[in-house]
Amino acid sequence: MPERPDQSPLTSARSERVKKVAALTGRSARRKQGRFRIEGPQSVRSLLAHRPELALEVFLTERAATGHPELIELARAAGVPVRTVDEQILRALVRDTAATSSAGATGAPGAPEALGASGTAGVAGASGSLVSPQGVVAVGALPAEDPSAAAAALGALPPEGPVTVAVLHEVRDPGNVGTLIRTADAAGADLVLLTRTSADPYAPKAVRAAVGSLFHLPVLTGAEIEDVLAQLAATSIAAAATSGYADSELFTAALPARIAWIFGNEARGLDEATLAAAPLTVRIPLAGHAESLNVHTAATVCLFETLRRRQAGA
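Residues numbered from 1 in each chain as written. Predicted model: local features only at pLDDT ≥ 70, side-chain atom pairs only at ≥ 80, totals over all residues. Heavy atoms only, no water.

## Here we look at the sheet that holds strand β3 (residues 82-84)
Spatially, β1-β6-β2-β3 is the arrangement adopted by the four strands of the open sheet, whose pairing is mixed. Edge positions in the sheet fall to β1 (35-39) and β3, since each of these pairs with one other strand and no more. If you compare each strand with its neighbour and ignore which way they point, the axes differ by 20 degrees on average. With three bridges joining them, strand β2 (residues 55-60) and β3 adopt parallel strand pairing. Paired with Leu60 across the strands is Thr84, a residue of β3. Along the sheet, helix α3 (residues 41-50) makes contact with β1, β2 and β6 (136-141), crossing β6 at roughly 35 degrees. (Pairing = 2+ DSSP bridges. Helix = DSSP H or I, 4+ residues; strand = E, 2+ residues; numbered from the N terminus. Axes fitted to C-alpha atoms, helices over the stretch in contact; angles between N-to-C directions. Contact = heavy atoms within 4.5 Å.)

Here it is as structure tokens:
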């Protein structure tokens with residue numbers, strides 16, 4: 001169970017409360033506290049508007065409170081405490097003083113995730129990693145990881161009609177995970193599933209990269225790829241994957257209306273067993289001299305081609 005928010009004013013950047021929020025950079029701290037951190041007005045707005053039951057506490061500077069009064073209104077409507085703090089305290093909430101240049105393991109239990117590669121302004125130095133939360137930080141209750149939840153979520157999708165699912169399998173960088181969630185949201189996906197070997201979508205870097213999309217559609221973690229493939233087949237959703245060796249091209253292949261795109265590891269792609277188990281494999285045609293696309297670019301092409309066909313009634 002997440003801790004109840006302390007009601008006392010927050011006046012010191014070195015207080016234990018500040019250190020606990022800052023520690024949420026690490027996966028082990030998130031699991032121990034049962035909480036995660038959300039940074040920036042857009043992400044916090046999405047949290048309060050779409051998943052208010054997860055919100056535990058919101059911190060704002062005076063300037064942010066003036067510039068984003070809707071955050072205060074949404075928090076009050078949801079019964080979420082709002083704390084006005086100075087800029088120094090807010091920055092301390094997102095500083096990881098334990099970070100070093102060699103501690104950027106992507107999602108390894110107990111290690112802080114690497115920062116700065118997701119397009120968020122920030123600097124890193126000897127005092128730790130620092131990002132700019134634009135005057136707004138929230139703390140949320142960490143959803144429990146349940147390997148059986150993926151099967152239940154797939155079973156809860158409409159039994160007929162178009163369905164789009166994004167499955168992230170062994171995607172190890174939290175920034176990629178967050179960006180892929182955002183892309184799936186933008187392309188109208190119904191569900192995002194992450195296998196047990198993917199990075200934590202509740203890591204601060206992933207939450208920042210998702211820019212609120214983490215709260216717009218169901219995102220479930222902890223599944224085993226074998227179980228996901230079996231449940232997809234049971235719910236008549238075709239598993240699809242990309243491969244440079246596939247015979248069919250994405251733009252000319254017949255795509256099922258009920259489809260689950262499986263996206264693999266940044267360096268290796270999907271393993272042979274998963275590729276072999278997918279009923280549909282396609283290749284994305286490349287016209288230039290590039291040998292391949294990164295996982296986010298490939299996912300964007302696949303998901304928006306699916307959306308294009310759905311809108312065209314194809």
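## A few points about the sheet that holds strand β7 (residues 163-168)
Pairing in this open sheet of seven strands is parallel, and the strands run β9-β8-β7-β12-β10-β13-β11 from one edge to the other. Two strands lie at the open edges of the sheet, namely β9 (219-223) and β11 (248-249), each paired on one side alone. When β7 meets strand β8 (residues 191-195), the two strands line up parallel, connected through four bridges. If you follow Val167 over to β8, its bridge partner there is Leu193. Across the face of the sheet, helix α10 (residues 225-234) comes into contact with β7, β8, β9, β10 (238-242) and β12 (258-263) while running at roughly 165 degrees to β12.

## Some points on the confidence of the model for the chain
This prediction gives the chain a mean pLDDT of 88; 85% of its residues lie at or above 70. Note that pLDDT drops below 50 for residues 97-130; the model gives that stretch 67 contacts with residues more than four away or on any other chain. (pLDDT = per-residue confidence, 0-100.)

## Here's the deal with the pairing of β10
The buried count for β10 comes to four of five residues, which makes it a mostly enclosed element. Where β10 meets β12, three bridges bridge the pair, whose relative direction is parallel. Its bridge partner being in β12, Ala238 is matched across the sheet by Ile259. In terms of strand pairing, β10 meets strand β13 (residues 280-283) through three bridges, oriented parallel. By the bridge assignment, Thr242 is partnered in β13 with Val282. (Buried < 20%, exposed > 50% of the residue type's maximum accessible area, 1.4 Å probe, protein only.)

## Notes on the packing of helix α7 (residues 149-156) against α10
For the pair α7 and α10, interaxial distance at closest approach is 10 Å and the crossing angle is 15 degrees. Judged on the interaxial angle alone, α10 and α7 are roughly parallel. α10 is crossed by α7, and the crossing has right-handed handedness. Here α7 contributes Ala151, Leu154 and Gly155 to the contact with α10, which in turn contributes Val228, Gln231 and Leu232. Taken together, the residues of the contact of α7 with α10 sort by class into four nonpolar, two polar and no charged. (Parallel < 35°, antiparallel > 145°, perpendicular 65-115°, else oblique. Left-handed = near helix turned anticlockwise from the far one by under 90°. Nonpolar A, V, L, I, M, F, W, Y, C, P; charged D, E, K, R; others polar.)

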